Amino acid sequence: MKEMILSHLSQDHLWQERIHYYNVIDSTNTQAKRMAAAGAPALTVLIADSQTGGRGRLGRSFLSPAGSGIYMSMILRPGVPPAELMHLTCAAAVAACDAVEQTLGFRPGIKWINDLVVDGKKLAGILTELSIDPKTSLVDWAIVGIGLNCNERQFPPELADIACSAAMVTGQSIDRSELSAALIDALSKMDLLHPQETMAIYRHDCVTLGREVTVIRGEQQRNGQAVEIRQDGALRVQYPDGETENINSGEVSVRGLFGYT
Ligand code: BTN
């Protein structure tokens, strides 16, 4: 698999050394954290055929069976203050949309903040994590993890209404190595220091913007309208009483009023 991925990537780069492939791993994000802490260089990529402990946002699990999806993490070392990386998840989502469009010929939408969706169903999820160097207060490492459903033809009953795969969308079986290479290429080219253009594309792709949404904080739920996406990726929601709130991705889940998106 690694050789197949390499065959789609520029030979000028050190991808041969940077890409690590696993048949099974607990979580590519967890492994990336271990490797980043041990000094792995920027653009180290971890790809697994399956994960036993795939993780999503808000402590959720991410189903990662063998032979069907792409489970990938990339280590970045941008060396900037964390405040300058607030849009990282948005930038990764745009990069992932670019890779899907380029390889598969359709462009997914983005459900704020980190899901790629097609026709209201989740195609992919993104989990970004970072560590700050206490001495410099700069980001020591950031990890972008992507799980993308590729060749699943059906999902377990609890996911059937909310998940889709690239094969279901295109009606064709998906070359995971080609798509993995496109993801690696797009993620490695993210321009994190100039978020203007990226955020403009994000707003265009985002299916949440302008919608009626439910903001879920633990047991509390509140309905409102998603009125703006700010430069740092925060979602501005306006409630019926006129009050507005900027929601950062942290603890909050945002859903459409009538379903998953
Ligand atoms: C989400 O749906 O909230 C995000 C899902 C992110 C899943 C990917 S799969 C590769 C990487 N390793 C993980 O454990 N999680 C991410």
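Being a predicted model, the structure only gives us computed values, none of them experimental.

Looking at the layout of surface pockets
Logical step 1: Considered as a void within the structure, the largest pocket measures approximately 750 Å³ in volume.
Logical step 2: Lining the largest pocket are 40 residues, with Gly56, Arg60, Ser61, Phe62 and Lys122 positioned closest to its centre.
Logical step 3: A breakdown of the residues in the lining of the largest pocket according to their chemical character gives 17 nonpolar, 15 polar and eight charged.

Overview of the nonpolar core
Note that soluble globular proteins tend to have their nonpolar side chains buried in a common cluster.
Logical step 1: By size, the foremost hydrophobic cluster in this structure holds 65 residues, and its most contacted members are Leu148, Ile184, Met190 and Tyr202.
Logical step 2: Tallying contributions element by element places helix α4 (residues 88-104) first for this core, with eleven residues.
Logical step 3: Aside from chain neighbours lying at most four places away, what touches tyrosine 202 is Cys90, Ala93, Val94, Ile110, Trp112, Ile113 and Ile229.
Logical step 4: Formed by eleven residues, the second largest nonpolar core is a distinct cluster that contains Met35, Leu46, Ile75 and Ile143.

Thoughts on the environment of valine 139
Logical step 1: Position of valine 139 relative to the elements: it lies in strand β7 (residues 139-148).
Logical step 2: Here valine 139 falls in the buried class, since its relative accessible area comes to 4%.
Logical step 3: Linking valine 139 and leucine 14, residues 125 residues apart in sequence, is a C-alpha distance of 23 Å.
Logical step 4: Leaving out residues up to four positions away in the same chain, valine 139 has contacts with Pro78, Gly79, Val80, Pro81, Pro82, Leu85, Leu130, Ser131 and Ile132.

So, the site of the ligand
Logical step 1: Taken together, 21 residues lie near the ligand, and Ser27, Gln51, Arg55, Arg57 and Lys122 sit nearest.
Logical step 2: Between the ligand and serine 27, the relevant distance is 2.7 Å, taken from an oxygen atom to a side-chain nitrogen or oxygen of the residue.
Logical step 3: Taking glutamine 51, its side chain carries an N or O atom lying 3.0 Å from a nitrogen atom of the ligand.
Logical step 4: Contact with the protein chains hides 97% of the accessible area of the ligand, taken as 410 Å² for the molecule alone.
Logical step 5: Counting atoms within 2 Å of the grid points, the majority share of the ligand lands in the largest pocket.

A closer look at the pairing of strand β2 (residues 45-51)
Logical step 1: The element β2 is largely enclosed, with a buried count of seven among its seven residues.
Logical step 2: Here strand β1 (residues 19-25) pairs with β2 via six bridges, running parallel. Within the sheet, the bridge partner assigned to tyrosine 21 lies in β2 and is isoleucine 47.
Logical step 3: Once you follow β1 into helix α3 (residues 28-37) and on to β2, the crossover reads as right-handed.
Logical step 4: Sheet topology note: the β2/strand β3 (residues 70-76) ladder contains four bridges and is antiparallel. In the sheet register, isoleucine 47 faces β3, and the bridge partner there is methionine 72.

Concerning the pairing of β7
Logical step 1: For β7, a buried count of nine out of ten residues is recorded, marking the element as mostly surrounded by other parts of the structure.
Logical step 2: One ladder, built from seven bridges, connects β3 with β7; its direction is antiparallel. Residue pairing for β7: tyrosine 71 is matched across the bridge by glycine 147.
Logical step 3: Of the strand pairs in this sheet, strand β6 (residues 121-132) and β7 are connected by nine bridges, and their pairing is antiparallel. Within β7, the position partnered with leucine 130 by the bridge is alanine 142.
Logical step 4: Connecting the antiparallel pair β6 and β7 is a turn made up of six residues, with serine 137 showing a positive phi of about 60 degrees.

A few points about α3
Logical step 1: Of all the positions in α3, only Thr28, Asn29, Gln31, Ala32, Met35 and Ala36 are classed as buried. The buried residues of α3 occupy one face: seen down the axis, they fall within an arc of 160 degrees.
Logical step 2: For α3, the elements touching its buried residues are β1, β2, β3, β6 and β7.
Logical step 3: Of the residues flanking the start of α3, the one acting as N-cap is serine 27, its side-chain oxygen 3.2 Å from the backbone nitrogen of asparagine 29.
Logical step 4: Immediately downstream of α3, the backbone of glycine 39 shows phi near 100 degrees, a positive value.

The rules we used
- Residues numbered from 1 in each chain as written.
- Predicted model: local features only at pLDDT ≥ 70, side-chain atom pairs only at ≥ 80, totals over all residues.
- Heavy atoms only, no water.
- 1 Å grid on protein atoms, 1.4 Å probe; cavity = no way out; pocket = protein on both sides within 12 Å on 5 of 7 lines; lining within 4 Å.
- Points joined across faces, edges and corners; volume = space filled by probe spheres on them.
- Nonpolar A, V, L, I, M, F, W, Y, C, P; charged D, E, K, R; others polar.
- Core = buried A, V, L, I, M, F, W, Y, C linked by side-chain atoms within 4.5 Å.
- Buried < 20%, exposed > 50% of the residue type's maximum accessible area, 1.4 Å probe, protein only.
- Helix = DSSP H or I, 4+ residues; strand = E, 2+ residues; numbered from the N terminus.
- Contact = heavy atoms within 4.5 Å.
- Near = heavy atom within 4 Å.
- Polar contact = N/O pair within 3.5 Å; in protein donor to acceptor, adjacent residues only side chain to side chain.
- Areas by Shrake-Rupley, 256 points an atom, 1.4 Å probe, with all protein chains shown as cover.
- Sits in = over half its atoms within 2 Å of the grid points.
- Pairing = 2+ DSSP bridges.
- Right-handed = clockwise from strand over helix to strand, strands pointing away.
- Arc of directions from axis to C-beta.

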